[in-house]
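# Close look at the chain arrangement
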Amino acid sequence: MSKVTDMIEELVTPILDEMQLELVEVEYVKEGKNWFLRVFIDKDNGIDIEDCGIVSERLSEKLDALDPIPHNYFLEVSSPGAERPLKKEKDFEKAIGKYINVKTYEPIDGEKTFEGTLREYNGDTLTMEIRIKTRTRTVVLPMDKVAKARLAVSF
């Protein structure tokens, strides 16, 4: 799978650079009987349906010309949404001060899921401020223990 996603990343990056868009993630997954190639894009003030349409069209043309995937699949180009994943260093840096959700590979202080405000990121650790009922505590999570991280919506 990573070969396909790496190849798609190479194909779509020049398109996104020209349009001043950011590649958030490429996903190639089988769901039921169907394969899906999903390309998530973004920019500072958000993307719209027109951005997705243009990228989809231009990437489709490249994929049709090269025909790198041997079977049928559905191409989807979309926004990562309000709860976009945090994967790259710059994602975490941009998320400082924002509300995030983090899942760890193993329990830290008895917990595997943390939700709160990202206060600091230094490449090796995330420092989060977590509110539990009426008290606030600071948690430092080692990056090598982070399985998934994403922006979160607070209610």
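## Points about the sheet that holds strand β7 (residues 135–142)
Taken in spatial order, the five strands of this open sheet run β7-β6-β5-β4-β8, and their pairing is antiparallel. Only two strands of the sheet have a single neighbouring strand rather than two, namely β7 and β8 (146–151). When strand polarity is set aside, the average angle formed by the axes of neighbouring strands in this sheet is 40 degrees.

## Description of the pattern of salt bridges
In this structure the tally under the stated criterion is 15 salt bridges. Between E22 and K90 there is a salt bridge whose closest N-O contact spans 3.9 Å. A residue pair is termed long-range when its members are at least 10 positions apart, and E22 in strand β1 (residues 22–31) and K90 in helix α3 (residues 89–94) qualify at 68 residues. Residues joined by salt bridges that share partners form a network here, namely E22, D42, D44, R84, K90, D91 and K94.

## Focus on the packing of aromatic side chains
Under the counting rule described, the total for this entry stands at three aromatic pairs. Taken together, a centroid distance of 4.7 Å and an interplanar angle of 20 degrees make the contact between Y28 and W35 stacked. W35 matches Y28 in its accessibility class, with the two residues each being buried. Arranged with centres 5.1 Å apart and planes meeting at 20 degrees, the rings of F92 and Y121 form a pair that is stacked. Taken together, the residues span a long stretch of sequence, with F92 in helix α3 and Y121 in strand β5 (residues 111–121) at a distance of 29 residues. The same class applies to F92 as to Y121, namely buried.

## Observations concerning the pairing of strand β4 (residues 99–108)
Taken together, the six bridges between β4 and β5 define a ladder with antiparallel strand orientation. Within β5, the residue paired with K103 across the bridge is T113. In terms of strand pairing, β4 meets β8 through five bridges, oriented antiparallel. What sits directly across from V102, in β8, is A149.

## Looking at unusual backbone geometry
Leaving glycine out, the prevailing phi sign among residues is negative, and the prevailing peptide bond configuration is trans. Backbone geometry places Q20, a non-glycine residue, at a positive phi of 55 degrees. Locating Q20 in the fold gives a position in the loop between α1 (2–19) and β1. Despite not being glycine, D109 shows a phi value in the positive range, around 55 degrees. Here D109 shows up in the loop between β4 and β5.

About the cut-offs
- Residues numbered from 1 in each chain as written.
- Predicted model: local features only at pLDDT ≥ 70, side-chain atom pairs only at ≥ 80, totals over all residues.
- Heavy atoms only, no water.
- Pairing = 2+ DSSP bridges.
- Helix = DSSP H or I, 4+ residues; strand = E, 2+ residues; numbered from the N terminus.
- Axes fitted to C-alpha atoms, helices over the stretch in contact; angles between N-to-C directions.
- Salt bridge = Lys/Arg side-chain N within 4 Å of Asp/Glu carboxyl O.
- Phe/Tyr/Trp six-rings, centres within 6.5 Å; stacked < 30°, edge-to-face > 60°.
- Buried < 20%, exposed > 50% of the residue type's maximum accessible area, 1.4 Å probe, protein only.

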